[in-house]
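Residue strings, one per chain:
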Amino acid sequence: MLTPELQIFIAGFLIAAAGGMLGSFALLRRMALVGDALSHVALPGIALGILLNFNLFLGAGAFLVLGTLGIWAVEHKTKLPVDTLVGVFFTLALAIGALITPEEEILDALFGDITQISQLDFWLAVAGSLVIMALLLFFARRFTLSLISPDLALSAGFRPHLLELSFLLIFALTVAVGIKFVGALLMGSLIIIPAATSRNIARSMNQYITLSVILGILGAILGILISRFYGLPPGPAFVLFAGALFFISIFFRR
Amino acid sequence: MPVLEVKNLSVRYGGQVVLDDISFDLERGDALAVIGPNGSGKTALLRAILGAARYIGEVNLSPEIRIGYVPQKIDLERDLPITVKEFLALRSRSAPEKALEAVDLAPTFLNKRIGELSSGELQRVLIAWAIIGHPDLLLFDEPTASVDVAGQRTVYELLHKLQEEYNLALILISHDLTVVYRYANKVLCLNRQQVCFGAPDEVLTPAELAKLYGGDRKFYHHAHP
């Protein structure tokens, strides 16, 4: 039997693993803030979900996919740097989200609460995380190459534009899956912090990805435990713990 | 049948014409040197052949062709946690030791991170990366400053050796005319427009060079039998 406690652990475990793995690719090309910003693009979707009473994952997911396609299309039309665009989309989405989110729900939307997940949320989180990890592993070589050098990717016969779009869509899916756990505001941390810590220590790509995943999982489990025993919300608890590990890892920087 | 055929190629960045009406072709075993002053469109030409830059005109590559590309520089963050072995595996997993041996690097380099390499070592690894994919056409963009002159010569000897060994077509961008005479059998002079194309001995006349680099160019190839 899957007790609610066990479900929380399993969902947290898988979401953190997927976030850590995604982050290790995102940090290959200074995309850390893209994740932070993309997570806010989900806010209007969450707000609509709350207002119109449908599943938040779907609302967030729809807005994320639209936002991602928008960013990608405008980037290739205008050649503006992706972080500029993400910055614009991000503040727009945040403003719209803040306007339409009911006041009493705003904290949950921003910080999330995995202890309140429904059956559907649980299975969505499980399936979503597994799909994300499978896709990342399948495309690992192509993503790595097009993230570190689009021209080399092109010379190897890959199509960096399409790979970039696929990566952003996987990124959006990860945010949609994780947003219940840590909320929009802290979603970036789930993706960035484990990978940033791992990058300080890892000596190879294999180590780097594995360690990001392990650190994400460790942070999630400890975050959930801390929140159980001390009554803190699990999202911020995760960030505090993962952040502490990051600062420790600085001293072990190779 | 030529490996590469370029017809009336033009490239614009923004509103600016970077390359205007370039035409040439290349057979297997050819080594084409592309020369011209800074900003003459040399790198743009390679990028158009790669498909990385938009162009007007035709770039016809023979079907199933494999391209190897050695960029002028690659913006790698120094702390990128990727070893040389993993980097080479992004192109092909077959025999990384052999690829390193071909560029005169010891197998111990496989476990180094690419961020730890010197610029000369990185360039060799990039060449190894290109040839591990068994290219039919190798595009080599010479670094302007990062590699010292002594190192530079051996890289050209290396390219020459690889070219003969694999009978590939080679396009190399060079700033050094001695390289052109020594290693190329065709030369393309660019100054946004095509100033000359042909065998170096025939087309690199003092008059053409003056046209290419401006009148006060002091460099001629003297010691030529």
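Residues numbered from 1 in each chain as written. Chains lettered and ligands numbered in written order. Predicted model: local features only at pLDDT ≥ 70, side-chain atom pairs only at ≥ 80, totals over all residues.

Chemist: How would you explain the overall build of chain A if you had to name every residue and give the values?
Modeler: Helices and strands together make up the secondary structure of chain A, namely 12 helices and 0 strands. Seen in sequence order, chain A has helices and strands lined up from the N terminus as α-α-α-α-α-α-α-α-α-α-α-α. In terms of C-alpha radius of gyration, chain A reaches 17 Å, essentially the compact-globule figure of 18 Å for 254 residues. Taken over the C-alpha atoms alone, chain A extends approximately 50 × 40 × 35 Å along its principal axes. Expressed as a percentage of the 254 residues in chain A, the buried residues total 52%. (Helix = DSSP H or I, 4+ residues; strand = E, 2+ residues; numbered from the N terminus. Rg over C-alpha atoms; globule rule 2.2 N^0.38 Å. Buried ≥ 20, exposed ≤ 12 C-beta atoms within 10 Å, placed from the backbone.)

Chemist: I'd like to hear about the interface of chain B and chain A, residue by residue, with values.
Modeler: With 19 residues of chain B at the contact, the number on the chain A side is 17 residues. Here the side of chain B that touches chain A takes 3 residues from strand E5 (residues 67-70) of chain B, the largest share from any one element. Grouping the amino acids of the side of chain B that touches chain A by side-chain chemistry returns 11 nonpolar, 4 polar and 4 charged. (Contact = placed C-beta atoms within 7 Å. Nonpolar A, V, L, I, M, F, W, Y, C, P; charged D, E, K, R; others polar.)

Chemist: Pulling in residues and values, what's your account of the confidence of the model for chain B?
Modeler: Taken as a whole, chain B shows an average pLDDT of 84; of its residues, 90% reach a score of 70 or greater. Taken over the whole predicted complex, pTM reads 0.85, whereas the ipTM for its chain interfaces reads 0.83. (pLDDT = per-residue confidence, 0-100.)

Chemist: Can you lay out helix H7 (residues 119-138) of chain A for me, pointing to particular residues and giving the numbers?
Modeler: Residues and elements named next belong to chain A. End to end, H7 covers 29 Å across 20 residues, agreeing with the expected 28 Å (1.5 Å per residue, within 8%). By the burial criterion, the buried members of H7 are Leu124, Ala125, Gly128, Ser129, Ile132 and Leu135. Along H7, the residues classed as buried sweep out an arc of 135° about the axis, all on the same side. In H7, those exposed residues whose orientation departs by more than 90 degrees from the buried face are Gln119, Ala127, Ala134, Leu137 and Phe138. (Expected span 1.5 Å × (residues − 1). Arc of directions from axis to C-beta.)

Chemist: Lay out the UniProt feature "transmembrane region" (unreviewed entry) in chain A in plain terms, naming residues and giving numbers.
Modeler: Feature annotation in UniProt places "transmembrane region" (unreviewed entry) on residues 6-29, 41-74, 80-101, 122-140, 167-196, 208-230 and 236-252 of chain A, given in this structure's numbering. Along residues 236-252 of chain A, the helical share is 88% and the strand share 0%, with 25 Å between the first and last C-alpha atoms. (UniProt positions renumbered as here; feature names shortened; annotations may be inferred.)

Chemist: Give a detailed account of the nonpolar core, specifying residues and quantitative values.
Modeler: One finds Ala42 and Ala176 of chain A together with Ala128, Leu139 and Leu170 of chain B to be the most contacted residues of the largest nonpolar core, which totals 152 residues. For this core, the leading source of residues is helix H10 (residues 160-201) of chain A, giving 21 residues. When residues of this core are sorted by domain, at least three fall in each of domain 1 (4-66 + 135-213) and domain 2 (77-128) of chain B. Sequence-distant contacts of Ala128 of chain B, that is, excluding residues within four places in its chain, are made with Leu88, Ala99, Leu100, Ala102 and Val103 of chain B. (Core = buried A, V, L, I, M, F, W, Y, C linked by C-beta atoms within 7 Å. Domains from an automatic or database assignment.)

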